[in-house]
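Okay, here's what each chain looks like letter by letter:
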Amino acid sequence: MLQVLCYALDPFTMRQWRPSDVLSLEKPLRPYALIVLNQKLNRLDIFKKLWSEASYRFCADGGANRLYDAFVDDEELREKYLPHAVHGDLDSLRKDVRDYYESKNVEVSQDHDQNSTDFMKCISLLRKKETSDKNEDGIKYDIVAFPALGGRFDQTIASINQLYFLKDETDRQTLLVSDENLTILLDEGKHRIECNRQLEGPTCGIMPLGGPIVLTTRGLRWNLTDYPCHFGGMVSTSNVLASDIVEIETDKPVVWTVELKEDTC
Ligand SMILES: Nc1ncnc2c1ncn2[C@@H]1O[C@H](COP(=O)(O)OP(=O)(O)OP(=O)(O)O)[C@@H](O)[C@H]1O
Ligand SMILES: Cc1ncc(C[n+]2csc(CCO)c2C)c(N)n1
């Protein structure tokens, strides 16, 4: 009761998160751009749900191959899943895939920069769209990347690094969705994460990937109070949701990840 009172008195210092909204709500509360990365689209249930409500749909380079290949047996369906753009250095995009999407008037654009991944390039493209005349309301879109994490470890770390890059953009949230996890970055401060335990859990982790932190948690099976966490010391992995509401207070950014159930959509 006391905590409910605290929220009522101090709602702005606690950042609110509902990571699984993108999988559960009919209409998302916040508009988002879906970026399809270059990993096999195993979970078409998740993919179709994320796709259906996205305001922008970009394929990061070889992500377009995965999209194309997901509908190998169904030409008609393939034509229903046309992205707004295929973007990147285009060293992974197959010629047949490029020809197909170009023939359907999909924007295929190349950026040769060798210091940014194709995922990052797609985020730059989103920024361009956001500042274009067509976005008169100046909407900033959340970013949902799928399938993110897993696969190559350097790419996995690059994707998490991307969360850190974006952390100061507090008017947008970035969510990495994999076949088995939802992952976000919590910036320094207080956070209230609402979990839908029909979709999320039981396991979760809080990982100080950017350096040492001091952590306080509530709503987990194993909680910490003002506890120093760092690699080589305490890292909260294989933790378990004990409540629909998880509260986390951290003095530095920290990665939150929660397991996805097998049947989510
Ligand atoms: N094996 C992988 N594991 C995890 N993520 C991947 C993997 N391969 C690609 N990705 C993600 O998909 C995006 C598009 O991949 P792309 O087809 O361009 O492969 P790449 O040339 O190896 O990637 P990049 O040029 O971005 O380093 C990458 O930017 C990355 O976010
Ligand atoms: C210090 C440093 N390490 C690695 C790369 C390589 N790299 C990082 S992102 C990217 C683009 C891939 O499409 C490439 C080639 C670099 N540039 N600088």
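Overview of the structure. Residue positions are given per chain, counted from 1 along the sequence in the order it is written. Here every chain gets a letter starting at A, and every ligand a number starting at 1, in the order they are written. Since the coordinates come from a predicted model, pLDDT governs what is reported: local features require at least 70, and pairs of side-chain atoms require 80 or more to be given and counted, while whole-chain, interface and lining totals use all residues. Processing note: side-chain calculations cover all non-hydrogen atoms of the structure and skip hydrogens and water entirely.

## A short note on the site of ligand 1
At step 1: Contacts to ligand 1 come from 16 residues, most closely from N38, G62, S92, D118 and R152.
At step 2: Counting of polar contacts relies on pairs of N or O atoms within 3.5 Å, with two restrictions inside protein: one atom must be capable of donating a hydrogen and the other of accepting it, and residues adjacent in sequence are counted only when both atoms are side-chain atoms. Here an oxygen atom of ligand 1 sits 2.8 Å away from a polar atom, N or O, in the side chain of N38.
At step 3: Separating an oxygen atom of ligand 1 from a side-chain N or O atom of D61 is a distance of 3.1 Å.
At step 4: With residues, only the protein chains shown are counted as cover, and all accessible areas are computed by Shrake-Rupley using a 1.4 Å probe. Compared with its free state, where it exposes 570 Å², ligand 1 has 85% of that area covered by protein.
At step 5: Think of a 1 Å grid over the protein atoms and nothing else: a 1.4 Å probe that fits but is trapped marks a cavity, an open set flanked by protein within 12 Å on at least five of seven lines marks a pocket, and residues with an atom within 4 Å of a point count as lining. To be counted as sitting in a cavity or pocket, a molecule needs more than half of its atoms within 2 Å of that site's grid points. According to the grid-proximity analysis, the pocket containing ligand 1 is the largest pocket.
At step 6: Class assignment of the residues belonging to the shell around ligand 1 gives a composition of three nonpolar, eight polar and five charged. Nearness is defined per residue: one heavy atom within 4 Å of the molecule or strand is enough. In the scheme used here, Gly and all other residues not listed as nonpolar or charged are polar, with Ala, Val, Leu, Ile, Met, Phe, Trp, Tyr, Cys and Pro taken as nonpolar and Asp, Glu, Lys and Arg as charged.

## Remarks on the pairing of strand β2 (residues 32-36)
At step 1: Only protein chains enter the accessibility calculation, which uses a 1.4 Å probe; a residue is then buried when its area is under 20% of its type maximum, exposed when over 50%, and partly exposed in between. The way it works is that DSSP assigns letters per residue, a run of H or I at least four long becomes a helix, a run of E at least two long becomes a strand, and they are numbered from the N terminus. The buried fraction of β2 amounts to five of the five residues, a majority that puts the element mostly inside the structure.
At step 2: Of the two faces of β2, the one holding Y32, L34 and V36 and the one holding A33 and I35 are both buried throughout.
At step 3: For two strands to count as paired, DSSP must find a minimum of two bridges between them. Sheet analysis places β2 next to strand β6 (residues 142-146), joined by five bridges and oriented parallel. Paired with A33 across the bridge in β6 is I143.
At step 4: Where β2 meets strand β3 (residues 56-60), four bridges bridge the pair, whose relative direction is parallel. Bridge pairing in β3 links L34 to R57.

## Topic: the sheet that holds strand β1 (residues 14-17)
At step 1: The strand order across the open sheet built from five strands is β1-β9-β14-β11-β12, with neighbouring strands paired in mixed fashion. Edge strands, defined here as strands with exactly one partner in the open sheet, are β1 and β12 (227-229). Between one strand axis and the next, the sheet turns through 30 degrees on average, direction left out of account. Angles here are taken between N-to-C directions and fall from 0 to 180 degrees, while the axes themselves are lines fitted to C-alpha atoms, restricted in helices to the stretch in contact.

## Regarding the site of ligand 2
At step 1: In the vicinity of ligand 2, the contacting residues are D89, Q114, N115, S116, T117 and K121.
At step 2: Within the side chain of D89, one N or O atom sits 2.9 Å away from an oxygen atom of ligand 2.
At step 3: Within the contact set of ligand 2, a nitrogen atom lies 2.7 Å away from a backbone nitrogen or oxygen of Q114.
At step 4: Protein chains shield 42% of the accessible area of ligand 2, which is 440 Å² for the free molecule.
At step 5: Of the residues assigned to the shell around ligand 2, the class counts are no nonpolar, four polar and two charged.

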